[in-house]
Amino acid sequence: PPPPPPRLLRRQRQMCIRDRGSREERDRWLWTAVLAAALAMAMATVLARAATRGGRLVRAGVVAVGALPLAVPGLVLSVGTLLFWQAIPGTWIRPVEDSVARSVIILAVKFLPFALLAAWLALRSVHRGHEEAAAMLGAGPWARARRILWPSAGAGIFAGGLVVLVLALRELDSVTLIDPRILPMRLYDKIHFNRMADEANLLFLCQAYLLGPALLAALIVAVRRRWRRS
């Protein structure tokens, strides 16, 4: 058969490059949100644990720390992080700039209040007497966390992490200057400049990634509520 025309070859090459770039941006976007949700829930669990077992002063400090990100807009947080990072001397920060570390930290701090609220509500279901009895029997912190905390509060913490994951996936203002190599930025670029005709496919893809964790979190909450009633 005759070889395809050069114009078709260029079009196919552009499609391959575009698809490969889209996959990389999608993976970068998902990993950023997943790591940010995990970091936010880890910090929130520690703070909520201290608040539920500490005194009034500790609870007031935890509430202040958790409420502080609510007063900072996402764009201000992004610009402040960018300026702070540029002020750090040395070349060892170059690999960190190419990674998702900065975006992960920004998103984890921004959505820490929501993670803290979810972890606080989940840890309220843990009976203090069970932990004290386990400690008297010689169980260490990891054993108490594995056998008492996680069976009682693990579902609530996991559901809170899914909610934070959805919020991190839909956030754009906080990372627009830090990491433009994510799928929502490509979607915004397509819609704004109208370069290609597959904006609807990317919109449906983003909605699918958002609805998945949200529906799973709602299912976990419903099953846990029904289990408690029974």
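Residues numbered from 1 in each chain as written. Predicted model: local features only at pLDDT ≥ 70, side-chain atom pairs only at ≥ 80, totals over all residues. Heavy atoms only, no water.

**Observations regarding the packing of helix α2 (residues 56-67) against helix α6 (residues 112-123)**
Helix packing geometry: the angle between the two helix axes and the distance between the axes.
Phase 1: Direction vectors running N to C along α2 and α6 enclose 140 degrees, while the axes themselves pass 9 Å from each other. Each of Arg-59, Val-62, Val-63 and Gly-66 in α2 lies in contact with α6, whose residues at this interface are Pro-113, Leu-116 and Trp-120.
Phase 2: Of the residues contributing to the contact of α2 with α6, the split by class is five nonpolar, one polar and one charged. (Axes fitted to C-alpha atoms, helices over the stretch in contact; angles between N-to-C directions. Helix = DSSP H or I, 4+ residues; strand = E, 2+ residues; numbered from the N terminus. Contact = heavy atoms within 4.5 Å. Nonpolar A, V, L, I, M, F, W, Y, C, P; charged D, E, K, R; others polar.)

**Thoughts on the confidence of the model for the chain**
For residues with low pLDDT, the predicted coordinates do not support detailed interpretation.
Phase 1: When pLDDT is averaged along the chain, the result is 78, and 80% of the positions lie at 70 or above.
Phase 2: Ranking the helices and strands of the chain by mean pLDDT puts α6 first, with 91, and helix α4 (residues 94-98) last, with 66.
Phase 3: Across residues 11-19 the pLDDT falls below 50, and counting only partners more than four positions away or on other chains, this stretch makes four contacts in the model. (pLDDT = per-residue confidence, 0-100.)

**Considering the pattern of salt bridges**
Oppositely charged side chains may form a pair once their charged atoms are brought near each other.
Phase 1: Applying the stated criterion across every chain yields a total of two salt bridges.
Phase 2: In this structure, the salt-bridge partner of Arg-28 is Asp-179, at a minimum N-O distance of 2.7 Å. Taken as a pair, Arg-28 in helix α1 (residues 6-53) and Asp-179 in the loop between α8 (141-170) and α9 (183-193) lie far apart in primary sequence, 151 residues in all.
Phase 3: On the basis of relative accessibility, which here comes to 2%, the residue Asp-179 falls in the buried class. (Salt bridge = Lys/Arg side-chain N within 4 Å of Asp/Glu carboxyl O. Buried < 20%, exposed > 50% of the residue type's maximum accessible area, 1.4 Å probe, protein only.)

**Focus on the side chain of Thr-32**
Phase 1: Here Thr-32 lies in helix α1.
Phase 2: According to the relative accessible area criterion, Thr-32 is buried, its value standing at 5%.

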